Amino acid sequence: MKASRAPRTRHTTNTALRSLPAIEKLLESPELIPEITLYTRPLVIEATRHVLSELRDRIREGTAPRGEADLPVLIRTRLLLEWPGFMSGVINGTGIILHTNLGRAPLSQKALEAVSNLGGQYFNLEADLKSGGRGTRASELRRLLSRLTGAEDAIAVNNNAAAVLLVLVAMANGREAIVSRGELVQIGGGFRVPEIMEQSGVKLREIGTTNHTTRKDYARAINEHTAMILKIHQSNFVQNGFVGETSLSELSELAAEHNVPLIYDLGSGAVIDTAEFGLKPEPTVQQALRDGADLVCFSGDKLFGGPQAGIIAGKRKLIEPLLNHPLMRAVRLDKLSAIALEATAAVYLNRTATLDIPSWRMMSYDLSALRLRARAIMRKLKACDIKAEIKEGLSMVGGGTLPEQSLSTALVSLTPTGSAEACARSLRLSQPPLIARIENDHILIDMRTVFPEQDDAVAKVVQRAMNRKN
Ligand SMILES: *Cc1c(COP(=O)(O)O)cnc(C)c1O
């Protein structure tokens, strides 16, 4: 028996090995075209070699699964696990509108069109078309931002951290900046006010207490070494109970009395009123300037809804020295972001921000519309025996803005057959990846941050991921 079986096994093994396709053949298969586009040809070849060699080993050992292997799927899985960081679009089901890990604000169609139109050709980034000589970089961007915020002048740099750094170095190096103890904040990973001060060579003059800082505290701290009063928006946290801060207008009076500039790091950068969306009013850039801030610094990709950038708006006599500072060159805005920022500013001037800028659009969806979309997805899932229901929940604005503020939303809630973590992982490793929330062993997909045109993809991704596991 034994003797007769051995040659047969060897025969089957050889047939199985011979039936494996050649690499070149596999690479021609249309199923792998998207993989080659995303991962490049050499990386796909590497993954294919790996998959084939593993399969050969398993055939020889007799542990290969019966039937023909789905090679493109094996190759795709290998690529995904080996190179998970290749940038690809994901579906944001988290309900966090400005999700820092997912690139904060998605750009408006207007900004994208401007980038694709100008990015591939020469354009007047720094050329003065009137004189034919060198002009200021993105000069009309300055004027647009000024007009929009009501400031005398405005410039844009790499991000808001760079904006604050530039202002501190250029205006306060070797001298003191007065900051309330309640405003020595940390924003996300890495931006910590005391550390940025240290890096700028500015002496931090802490005043008041964690929960209370009065006008008197500020007044007492002003001396001949004072370079500025720096007010920082608490951005990502809220203080409750016995708290008190000195308002911007009070500070503005005090600063004027002592002839000290008042700088406001606003962070979030709303130029329209968040109260219109049922949220707590976030201080707007315009209001901060009206209240008397000499300079306001804010991010381009938080509530402003544009590209990564830091904008400094305010008094011309304070902005002009920044332009000529040696650090300016190191923190300047790159050309693609300048194009996108100019187009985003134009959207605000045209007063179409709530239509054109995705993050504002997402904030304005009402619950009934979200519920309808969730219901349509749920029906599709139920049709393939996936346990899904609609729940109500809360979306967040995110990006270190409006903490504790939320918008009512509709959620598609899934009951995974296995662990919720495993199901969430499987959704993340889908194509396109779907990022969801986990709550009480359920998977929640928040419709507010899913673009409506992605609804079909949500249903498909969930079907594939959940049926694979079942
Ligand atoms: C977000 C934020 C920053 C950092 O801005 P980036 O654009 O992320 O560099 C600085 N200060 C405040 C108050 C912020 O909210």
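These numbers were taken from a predicted model, which means no experiment stands behind them.

### Here we look at helix α18 (residues 367-383)
Here's step 1: For α18, with 17 residues, the first-to-last C-alpha span of 24 Å sits near the 24 Å given by 1.5 Å per residue.
Here's step 2: Inspection of α18 places Leu367, Leu370, Arg373, Ala374, Ile377, Met378 and Leu381 among the buried residues, and these make up the whole buried set. Down the axis of α18, the smallest arc covering the buried residues is 140°, so these residues share one side. Of the exposed residues in α18, those oriented more than 90 degrees away from the buried face are Leu372, Arg379 and Ala383.

### A look at the packing of aromatic side chains
Here's step 1: Overall, the coordinates contain 5 aromatic pairs when judged by the stated rule.
Here's step 2: With a centroid separation of 5.3 Å and an interplanar angle of 70°, the aromatic rings of Tyr39 and Phe86 are classed as edge-to-face. With Tyr39 in helix α3 (residues 33-39) and Phe86 in the loop between α5 (71-82) and β1 (91-92), this residue pair connects regions lying 47 residues apart in the sequence.
Here's step 3: Through pairs of rings, three or more aromatic residues link up here, namely Tyr39, Trp83 and Phe86.

### Quick notes on the sheet that holds strand β7 (residues 203-207)
Here's step 1: Judged by pairing direction, the sheet is mixed, and its 7 strands sit side by side in the order β3-β11-β10-β9-β8-β4-β7 without closing on themselves. Every interior strand has two partners, whereas the edge strands, β3 (153-157) and β7, have only one. The mean angle between the axes of side-by-side strands here comes to 25°, regardless of whether they run parallel or antiparallel.
Here's step 2: Pairing of strand β8 (residues 226-232) with strand β9 (residues 262-267) involves 4 bridges; the strand directions are parallel. Following the sheet pairing, Lys231 is matched in β9 by Tyr264.
Here's step 3: Packing of helix α7 (residues 139-149) onto the sheet brings it into contact with β3, β10 (295-299) and β11 (310-314), and relative to β3 it is tilted by some 120°.

### Brief notes about the side chain of Ser146
Here's step 1: Locating Ser146 in the fold gives a position in helix α7.
Here's step 2: Judged by relative accessible area, which is 8%, Ser146 ranks as buried.

### Re the domain arrangement of the protein
Where the parts come together, the accessible area they lose is often given as the size of the interface.
Here's step 1: Segmentation of the protein into domains returns domain 1 (10-82), domain 2 (91-103 + 360-467) and domain 3 (109-356).
Here's step 2: The centre of domain 1, based on its C-alpha atoms, is set 53 Å off from the matching centre of domain 3.

### Digging into the sheet that holds strand β12 (residues 388-398)
Here's step 1: An order of β2-β12-β13-β16-β15 is seen for the 5 strands of this open sheet, with the pairing classed as mixed. The open sheet has two edge strands with one neighbour each: β2 (96-98) and β15 (437-439). With direction set aside, neighbouring strand axes in the sheet form an average angle of 40°.
Here's step 2: One ladder, built from 4 bridges, connects strand β13 (residues 401-414) with strand β16 (residues 442-446); its direction is antiparallel. The residue bridging Val412 from the neighbouring strand is Ile445, located in β16.
Here's step 3: Contacts from α18 reach β12 and β13, with the element oriented near 35° to β13.

Scoring rules and cut-offs
Residues numbered from 1 in each chain as written. Predicted model: local features only at pLDDT ≥ 70, side-chain atom pairs only at ≥ 80, totals over all residues. Heavy atoms only, no water. Helix = DSSP H or I, 4+ residues; strand = E, 2+ residues; numbered from the N terminus. Expected span 1.5 Å × (residues − 1). Buried < 20%, exposed > 50% of the residue type's maximum accessible area, 1.4 Å probe, protein only. Arc of directions from axis to C-beta. Phe/Tyr/Trp six-rings, centres within 6.5 Å; stacked < 30°, edge-to-face > 60°. Pairing = 2+ DSSP bridges. Axes fitted to C-alpha atoms, helices over the stretch in contact; angles between N-to-C directions. Contact = heavy atoms within 4.5 Å. Domains from an automatic or database assignment.

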